[in-house]
Amino acid sequence: MAITVTPLSPALGAEIGGVDLSQPTDLRTLEQIHRAWLDHLVIVIRGQTLDEAAQERFASFFGELQEVRSRPGERKPNEHVMIIGNVTVEGRKGELPEGELQFHADQCYYEAPSKATLLYAIEVPSRGGNTLFSNTYLAFEALPPALQRRLENLDCFFLYDYNNAAAKRAGPISPDAPQFTHPAVVRHPETGKPSLFVNRLMSDHLVGIDAEESQAILDELYAVQERPEFVYEHVWRPGDLVMWDNRCTLHARTNFDPSERRFLRRMTVKGERPIAARAAA
Ligand SMILES: [Fe+2]
């Protein structure tokens with residue numbers, strides 16, 4: 001059975017119809033979904049009833065699943081499930097800060113960031129807690145050519161070091177905080193297109209230039225990435241499975257009433273170390 005692909009915004013995102021991921025999916029259909037994902041960057045598959053095994057079966061088509069980041073003293077080998085939420089369901093407790101979350105790409109502070117993130121909604125608040133997605137191919141294309149050339153020769157230092165309000169900490173960088181330097185402009189390994197990889201939450205500075213100038217450039221880039229015409233806002237319903245590409249999108253979350261329940265199941269697929277657009281050109 002052929003899938004349907006319906007764009008959700010001019011910038012990115014498409015809804016995929018005609019699939020039931022609670023059942024094993026044939027290879028041809030999986031390849032069609034993969035193609036739609038590369039074309040639209042974020043895919044939304046609504047009305048799904050997925051247990052952990054079904055979500056893992058689908059996610060595994062796209063690569064090896066990533067173990068969740070463990071806290072010091074807490075080792076969770078072979079644990080691929082992270083619960084994003086403020087309640088406990090089926091013995092699983094939610095993690096990550098509540099409320100608004102600034103734009104970022106998952107695990108960009110590691111040598112090999114996540115390639116794909118798959119988030120499945122089980123309970124969602126009556127309003128808010130939406131996920132905003134930004135197309136970072138379009139953000140790069142929108143920059144003046146001189147700035148594009150300059151950025152292609154710069155690296156960015158990424159850091160996981162923010163507080164519960166999901167805003168960056170002030171003060172010196174902790175050596176324990178996960179951190180890695182990647183090109184500011186990366187080339188997507190599957191599409192070959194350049195993507196503006198920096199983000200507001202986890203980019204600390206551009207390497208090798210004056211700190212004030214770095215911040216001024218980054219602020220300009222964030223403003224471009226966050227232009228409404230480059231963003232799709234996803235309003236969650238229970239049963240939504242959303243898969244996004246961390247190599248060419250950023251995501252953020254809008255605020256919601258913490259007295260309402262929110263519970264989503266996340267799995268991520270391992271990626272490769274990003275390559276500079278300049279090196280691949
Ligand atoms: Fe995230």
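Refer to the structure above for everything that follows.
Here's what I pulled together on the structure shown here. (Residues numbered from 1 in each chain as written. Predicted model: local features only at pLDDT ≥ 70, side-chain atom pairs only at ≥ 80, totals over all residues.)

## Here's the deal with the sheet that holds strand S10 (residues 155-159)
Each strand in a sheet pairs with its neighbour through backbone hydrogen bonds, running either in the same direction (parallel) or in the opposite one (antiparallel). Strand order in this open sheet of three strands is S11-S10-S14, and the pairing throughout is antiparallel. Single-partner strands in this sheet number two, and they are strand S11 (179-183) and strand S14 (203-206). Taken over all neighbouring pairs, the strand axes of this sheet differ in orientation by 25° on average, direction set aside. As judged from the three bridges shared by S10 and S14, these two strands associate in the antiparallel manner. Looking across to S14, one finds that cysteine 156 is bridged to leucine 206. (Pairing = 2+ DSSP bridges. Helix = DSSP H or I, 4+ residues; strand = E, 2+ residues; numbered from the N terminus. Axes fitted to C-alpha atoms, helices over the stretch in contact; angles between N-to-C directions.)

## Quick look at the nonpolar core
The biggest cluster of nonpolar side chains holds 67 residues, and the ones touching the most others in it are Val42, Ile43, Leu118, Tyr120, Val185, Leu241 and Met243. In terms of residue count, the dominant contributor to this core is strand S8 (residues 114-123) (six residues). If we skip the residues at most four places from it in the chain, isoleucine 43 touches Ala14, Ile16, Ile33, Ala36, Trp37 and Met243. (Core = buried A, V, L, I, M, F, W, Y, C linked by C-beta atoms within 7 Å. Buried ≥ 20, exposed ≤ 12 C-beta atoms within 10 Å, placed from the backbone. Contact = placed C-beta atoms within 7 Å.)

## What about the environment of phenylalanine 157?
Position of phenylalanine 157 among the secondary structure elements: in strand S10. Separated by 73 residues in sequence, phenylalanine 157 and isoleucine 84 place their C-alpha atoms 26 Å apart. If sequence neighbours within four positions are ignored, phenylalanine 157 has contacts with Gln179, Thr181, Asp204, His205 and Val207.

## Let's talk about the sheet that holds strand S1 (residues 4-7)
On the basis of which strands lie adjacent, the open sheet formed by seven strands has the order S1-S2-S3-S16-S8-S18-S4 and mixed pairing. Two strands lie at the open edges of the sheet, namely S1 and strand S4 (82-85), each paired on one side alone. Strand-to-strand twist of the sheet, defined as the mean angle between neighbouring strand axes without regard to direction, takes the value 25°. Here two bridges tie strand S2 (residues 14-17) to strand S3 (residues 42-45), and the two strands are oriented parallel to one another. Along S3, the bridge assignment pairs alanine 14 with isoleucine 43.

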